[in-house]
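# Structural features, examined
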Amino acid sequence: MLTAFGRAFRTPDLRRKLLFTLGILAIFRLGAFIPSPGVDYRNVQQCVNSSNTNEGIYQLVNLFSGGALLQVSIFALGIMPYITASIIVQLLRVVIPRFQELHLEGAQGQGQLTQYTRYLTIALGLLNATTLVTLARSGQLFAGCGAAGSATPLIPDDNLVVIGLLILTLTAGSGLIMWMGELVTEKGVGNGMSLLIFVAIAAQFPTSLGAILKTQGWGTFLIVMVLGLVIVGLVVFVEQSQRRVPVQYAKRMIGRRTMGGTSTYIPIKVNMAGVIPVIFASSMLYLPALLAQFATPKNSANVPGWIQWVNNYLTRGDHPIYMLMYFLLTIGFTYFYVAITFNPEEVSDNMKKYGGFIPGIRAGKPTQDYLQYVISRVTLPGSLYLGIVALIPLIALVMIGANQNFPFGGTSLLIVVGVGLETVKQIDAQLQQRHYEGLLR
């Protein structure tokens with residue numbers, strides 16, 4: 001493996017791509033520690049040390065920002081506005097026919113959809129920046145710490161000019177991250193956005209493992225490391241698993257040339273939905289807690305029953321009801337996301353257009369029904385797998401008292417393994433194009 005990496009760096013053009021990618025990733029991590037204008041960095045650190053930042057809003061956003069959210073840095077919003085915009089544009093293809101037409105137009109249509117995603121990213125970045133600044137000023141970002149007028153205000157001088165400059169800086173930081181990700185995709189190695197998420201999540205691993213070592217001791221730490229290696233191996237195995245549907249193309253005479261007559265297959269992965277269902281499920285579970293937080297009356301003696309129920313069962317990750325709902329929501333969103341991203345009718349029509357057929361299955365509607373049958377059967381173990389992986393941090397919370405950002409499970413592990421596998425495959429493909437042995441054997 002080390003020899004293969006040495007060959008990659010000895011190849012001039014591949015070395016340039018790798019160094020360019022590493023440089024962009026270094027700038028991304030540096031930006032996570034540069035304070036935004038008008039923010040008191042010392043007060044931020046005091047609030048971080050005195051507050052519980054492993055619950056609610058902090059779990060997902062802080063994970064994807066690589067810890068920049070809690071530093072209120074120029075990259076505090078991280079990659080989340082772009083992820084949200086991409087998911088919204090993808091879902092709108094089902095609702096707006098024009099978006100589906102652009103998707104089918106090829107490179108030109110895809111470029112237009114990408115432009116819409118960029119505009120929506122900036123709009124969401126502006127909205128998120130305004131929300132973040134409002135939370136910081138009111139003291140809700142750190143559970144009562146850092147409010148304006150308190151002993152440790154996050155924004156000491158909160159006049160209109162400073163607030164406007166802070167919102168503009170956070171929004172520009174989100175746009176800069178999007179631009180850097182596109183630069184990596186174009187001039188570097190791998191998918192730029194995915195690599196930025198990978199780096200943001202991987203940067204939290206040492207902190208999480210260090211916290212386990214400090215609070216639980218060497219015995220628990222070694223057990224966690226061994227279990228982590230086993231879990232990573234199993235996740236890699238499932239992520240690589242696929243159901244290959246054979247496809248045969250009939251021979252056709254075009255002029256004097258014979259076209260077709262080849263055999264291939266449609267790879268249907270066990271986990272076609274990726275990490276999206278886990279993100280959807282965690283976001284949906286947070287909504288009741290958010291509503292209960294805003295609906296809680298000032299007089300604690302008159303708290304409605306539904307708010308008490310939500311606070312007792314849907315805000316604690318170690319409660320069985322929370323775990324069960326998280327598991328069921330993950331399964332449901334897996335089926336939903338696969339249904340909108342894989343269209344058996346479209347695949348069947350494309351196969352019929354180019355003379356392809358599945359051996360033993362007639363073209364047209366029978367092929368569509370067969371693909372739907374395969375998808376529904378393959379999605380079941382994939383959804384169960386996602387539900388189990390999503391519960392690993394919660395189980396760790398119950399068994400060893402680890403926090404919600406337990407590294408070997410949930411969203412973080414799925415993203416790190418998925419992006420790592422895809423990036424290694426791309427480097428391997430470029431090495432093989434240059435007549436070398438690949439990274440993978």
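Scoring rules and cut-offs
All residue numbers refer to positions counted from 1 along the written sequence of the respective chain. Since the coordinates come from a predicted model, pLDDT governs what is reported: local features require at least 70, and pairs of side-chain atoms require 80 or more to be given and counted, while whole-chain, interface and lining totals use all residues. Derived side-chain values reflect all non-hydrogen atoms in the structure, with water molecules and hydrogen atoms excluded from consideration. Here, a salt bridge means any side-chain nitrogen of Lys or Arg that lies within 4 Å of a carboxyl oxygen of Asp or Glu. In this scheme, a residue with accessible area under 20% of its type's maximum is buried, one over 50% is exposed, and one in between is partly exposed, where area comes from a 1.4 Å probe on protein chains only. Only centres within 6.5 Å qualify two rings of Phe, Tyr or Trp (six-membered ring in Trp) as a pair; their planes then separate them into stacked at under 30 degrees, edge-to-face at over 60, and tilted for everything else. To qualify as a helix, a DSSP run of H or I must reach at least 4 residues; to qualify as a strand, a run of E must reach at least 2; elements of each kind are numbered from the N terminus. UniProt positions are given in the numbering used here, feature names are shortened, and annotations may be inferred rather than shown by experiment.

### Overview of the pattern of salt bridges
Taken as a whole and assessed by the stated rule, the structure comprises four salt bridges. Among the ionic pairs, glutamate 105 bridges to arginine 98, the shortest N-O distance being 3.6 Å. Overall, arginine 98 belongs to the partly exposed group, its relative accessible area being 44%. Through salt bridges with shared partners, a single network forms among Arg98, Glu101 and Glu105.

### Some thoughts on the packing of aromatic side chains
Counted under the stated rule, the structure contains four aromatic pairs. When the ring of phenylalanine 99 is compared with that of tyrosine 116, the centres are 5.5 Å apart and the planes differ by 15°; the resulting orientation is stacked. Placement of the pair is phenylalanine 99 in helix 7 (residues 97–104) and tyrosine 116 in helix 8 (residues 107–138), with a sequence separation of 17 residues. Among the residues examined, phenylalanine 99 registers a relative accessible area of 13% and is labelled buried. Residue class for tyrosine 116 comes out partly exposed when judged on its relative accessible area of 31%.

### Structural notes on the UniProt feature "transmembrane region" (unreviewed entry) in the protein chain
Mapped onto this numbering, the UniProt entry annotates "transmembrane region" (unreviewed entry) at residues 68–95, 116–136, 160–181, 193–212, 218–238, 259–280, 321–342 and 382–400. Note that residues 116–136 is 100% helix and 0% strand, and that its end C-alpha atoms are spaced 30 Å apart. Helix makes up 100% of residues 218–238 and strand makes up 0%, while its end C-alpha atoms are separated by 30 Å.

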